[in-house]
Amino acid sequence: MRNQMIIMIITIVVLVGASIILGREYSTTQKSIEELKLEKVEQREPLVNLELERMEAFFEQLPDDYDASEYDGWGEARHVADQLYDDSNKLFKREWGTLLALESQKRNVDPYIVYELLKIETGGQFDPSLVGPETKYGHAYGLAQFMKNTGPWIADMADLPYDDEKLFDPHFSIQLSVVYLEFLHNEYGDWNHALTAYHRGMTGLENYKDENGHAKSEYAVEIQENAEITELLAYD
């Protein structure tokens, strides 16, 4: 009988000890889970904030007088943006495409012409940090490859503040390219003249015409033909 009592007491002590140990382990496990959850939240928070900052920056670039309630305009812009995103192998971001389409709508410029021009200017890479080769006039910068001697007066036409670093901002470059193409097309009345002038400068356009008897440069033709193909694919 005495031995049985001793065995029972030992068993109770072991069970109580095991319960305490398991309870502590459970508490530790729960704490670890909570800590992991907190870590994930802390890791995700900067990403969420960054995404919000990008969205805010994008909407800040939109023209003040654009009516966002015009769903057809937004729907069309999103459609164009999706097509440009796919055509560029995801290099031309959707937010860039949306801005390009909205700016093009506002100024009655073909968005596919603008896109194909940016494609040629960046060698199909759409790199906002691109610096062009040195010429006697200097370097060209960014998506639209503007030079420092042309960027300021085009920004003035677009009613945008200017500094040289903004040439590396894709939103700024897109807006300037649309405004400049609108100006050139209004000036000459057709895309052959406008695109050749964009590529060679307005004086260069006149020199090209003197040499060739027309403004139909290879640069202008390639952009227009590719724009037609891209647009056809968008609505196929």
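Cut-offs and rules
Residues numbered from 1 in each chain as written. Predicted model: local features only at pLDDT ≥ 70, side-chain atom pairs only at ≥ 80, totals over all residues. Heavy atoms only, no water. Helix = DSSP H or I, 4+ residues; strand = E, 2+ residues; numbered from the N terminus. Buried < 20%, exposed > 50% of the residue type's maximum accessible area, 1.4 Å probe, protein only. Contact = heavy atoms within 4.5 Å. Areas by Shrake-Rupley, 256 points an atom, 1.4 Å probe, with all protein chains shown as cover. Salt bridge = Lys/Arg side-chain N within 4 Å of Asp/Glu carboxyl O. Core = buried A, V, L, I, M, F, W, Y, C linked by side-chain atoms within 4.5 Å. Arc of directions from axis to C-beta. Phe/Tyr/Trp six-rings, centres within 6.5 Å; stacked < 30°, edge-to-face > 60°. Lys NZ or Arg CZ within 6 Å of the ring centre and 35° of its normal.

## Comments concerning the overall build of the chain
So, point 1. A count of helical and extended segments in the chain gives nine helices and two strands.
So, point 2. Secondary structure of the chain in N-to-C order comes out as α-α-α-α-β-β-α-α-α-α-α.
So, point 3. Counting all 236 residues of the chain, 35% fall into the buried class.
So, point 4. Considering only contacts within the chain whose residues lie at least 6 apart along the sequence, 53% involve residues at least 24 apart.
So, point 5. For the chain, the computed accessible surface area is about 14700 Å², with 53% contributed by carbon and sulfur atoms.

## Overview of unusual backbone geometry
So, point 1. Even without being a glycine, N89 presents a positive backbone phi close to 55°.
So, point 2. Looking at N89, the relative accessible area reads 65%, which means it is exposed.
So, point 3. The phi dihedral of F126 falls on the positive side, at around 50°, and the residue is not glycine.

## Some details on the pattern of salt bridges
So, point 1. For the structure on display, the rule yields four salt bridges.
So, point 2. K119 is paired through a salt bridge with D87; the nearest N and O atoms lie 2.9 Å apart. Placement of K119 in helix 4 (residues 111-121) and of D87 in helix 2 (residues 71-87) is noted, with a sequence separation of 32 residues between them.
So, point 3. Take K119: its relative accessible area is 23%, and that puts it in the partly exposed class.
So, point 4. Here K119 ties to E116 by a salt bridge, and the two come within 3.4 Å at their closest N and O atoms. Of this pair, K119 and E116 both sit in helix 4, three residues apart, which is roughly one turn of the helix.
So, point 5. Counted as one network, the salt bridges with shared partners bring together D87, E116 and K119.

## Remarks on the nonpolar core
So, point 1. Counting residues in each nonpolar core, the largest one holds 43 residues, and the members touching the most others are F92, L117, L118, F146, L195 and Y198.
So, point 2. Secondary structure elements with two or more residues in this core: helix 2, helix 3 (94-107), helix 4, helix 5 (151-157), helix 6 (170-188), helix 7 (191-200) and helix 9 (218-234).
So, point 3. Here this core gets seven residues from one element, more than from any other, and that element is helix 6.

## Observations concerning the environment of E103
So, point 1. With respect to the helices, strands and loops of the structure, E103 is situated in helix 3.
So, point 2. On the basis of relative accessible area, E103 is assigned to the buried category, the value being 2%.
So, point 3. C-alpha separation for the pair E103 and L176, spaced 73 residues apart in sequence, amounts to 9.8 Å.

## Some words on helix 8 (residues 202-212)
So, point 1. All of the buried residues in helix 8 are G204, L205 and Y208. Projection of helix 8 onto a plane perpendicular to its axis shows the buried side chains occupying an angular sector of 105°, all on one side. In helix 8, those exposed residues whose orientation departs by more than 90 degrees from the buried face are T203 and D210.
So, point 2. For helix 8, the elements touching its buried residues are helix 6, helix 7 and helix 9.
So, point 3. The first or second residue beyond helix 8 is G213, which carries a positive phi of 80°.

## Considerations on the side chain of T196
So, point 1. With respect to the element layout, T196 can be found in helix 7.
So, point 2. Judged by relative accessible area, T196 falls into the buried class, the value being 0%.
So, point 3. Once you skip the residues sitting within four places of it in the chain, T196 turns out to touch W191, G201, L205, Y208, A215, S217 and A220.

## Section: the packing of aromatic side chains
When we look at a pair of aromatic rings, we describe it by the centre distance and by the angle of the planes.
So, point 1. In total, this model carries twelve aromatic pairs according to the counting rule given.
So, point 2. Here Y180 and Y198 contribute two aromatic rings whose centre-to-centre distance is 5.4 Å and whose plane-to-plane angle is 45°, an arrangement assigned as tilted. Of this pair, Y180 sits in helix 6 while Y198 sits in helix 7, and the two are 18 residues apart along the sequence.
So, point 3. In this structure Y180 comes out as buried when scored by relative accessible area, which is 7%.
So, point 4. For Y198, a relative accessible area of 9% puts it in the buried group.
So, point 5. Across from the ring centre of Y85, 3.9 Å away, lies the NZ or CZ of R94, which sits over that ring.

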